[in-house]
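Structure at a glance
Each chain, letter by letter, is given below.
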Amino acid sequence: MADRPCDLCQLARYTQWYAEFHYPFRFTILDCDSCDVPIVVLGEHRIAVTSEEVAYMEKTLNLVAEQKFAGKFPNWFLDNKLQQIPTHYHFTLRPWLC
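This report concerns the structure included in the present document. The structure presented is a predicted model; accordingly, all values stated were derived computationally and were not measured.

**Concerning the environment of alanine 65**
Structurally, the position occupied by alanine 65 is in helix 1 (residues 51–68). We classify alanine 65 as buried; its relative accessible area is 0%. C-alpha separation for the pair alanine 65 and aspartate 7, spaced 58 residues apart in sequence, amounts to 23 Å. Sequence-distant contacts of alanine 65, defined by excluding residues within four places in its chain, comprise Ala70, Trp76 and Leu93.

Right, here's the structure in full:
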């Protein structure tokens, strides 16, 4: 399916969007349409990211989690397994249910 466009490059606005960043690099935080948890999506089609980029995205995604999960889930974790779209960097934030 090499001719199919990347869903993460063409983000559709049919779930909750929390933030769109253009500086220091492009990325978006929104709810994942598959699992209804916050997801951060890099603004360009690549999987190679710097540790600084990851740290910045983690920090901002945690701020979203503090608001979304307040009073519901005291703990959450970052899930950086590129499961459905392995060619575009993204990760989700999931509640810790234990």
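Okay, back to it.
**Quick look at the sheet that holds strand 4 (residues 76–79)**
If you trace the five strands from one edge of the open sheet to the other, you get 1-2-3-5-4, paired in antiparallel fashion. Unpaired on one side and paired on the other, strand 1 (17–21) and strand 4 mark the two borders of the sheet. The mean angle between the axes of side-by-side strands here comes to 15°, regardless of whether they run parallel or antiparallel. Here strand 3 (residues 38–42) runs beside strand 5 (residues 90–95); their pairing, made up of three bridges, is antiparallel. Each residue of the ladder has a partner; that of valine 40, found in strand 5, is phenylalanine 91.

**Considering the pattern of salt bridges**
Under the counting rule described, the total for this entry stands at five salt bridges. Between lysine 68 and aspartate 31 there is a salt bridge, with the nearest N and O atoms lying 3.0 Å from each other. Of this pair, lysine 68 sits in helix 1 while aspartate 31 sits in strand 2 (residues 27–31), and the two are 37 residues apart along the sequence. Linking arginine 46 and glutamate 53 is a salt bridge whose minimum nitrogen-to-oxygen distance equals 2.7 Å.

**Some remarks on the packing of aromatic side chains**
Under the defined criterion, the tally for this structure stands at seven aromatic pairs. Both rings, one in phenylalanine 69 and one in tryptophan 76, keep their centres 6.0 Å apart while their planes meet at 45°; by these two values the pair is tilted. For the ring pair tyrosine 89 and phenylalanine 91, a centre distance of 5.9 Å and an interplane angle of 70° mean the geometry is edge-to-face. Each residue in the set Phe21, Phe25, Phe27 and Tyr56 is aromatic and connected to the rest through ring pairs, giving one cluster. Stacked on the ring of tryptophan 17, the Lys or Arg arginine 13 has its end atom at 3.7 Å from the ring centre.

**Notes on the side chain of threonine 60**
Within the fold, threonine 60 resides in helix 1. Among the residues examined, threonine 60 registers a relative accessible area of 9% and is labelled buried. Excluding anything up to four places from it in sequence, threonine 60 contacts Phe21, Phe27 and Ile29.

Procedures and definitions
Residues numbered from 1 in each chain as written. Predicted model: local features only at pLDDT ≥ 70, side-chain atom pairs only at ≥ 80, totals over all residues. Heavy atoms only, no water. Helix = DSSP H or I, 4+ residues; strand = E, 2+ residues; numbered from the N terminus. Buried < 20%, exposed > 50% of the residue type's maximum accessible area, 1.4 Å probe, protein only. Contact = heavy atoms within 4.5 Å. Pairing = 2+ DSSP bridges. Axes fitted to C-alpha atoms, helices over the stretch in contact; angles between N-to-C directions. Salt bridge = Lys/Arg side-chain N within 4 Å of Asp/Glu carboxyl O. Phe/Tyr/Trp six-rings, centres within 6.5 Å; stacked < 30°, edge-to-face > 60°. Lys NZ or Arg CZ within 6 Å of the ring centre and 35° of its normal.

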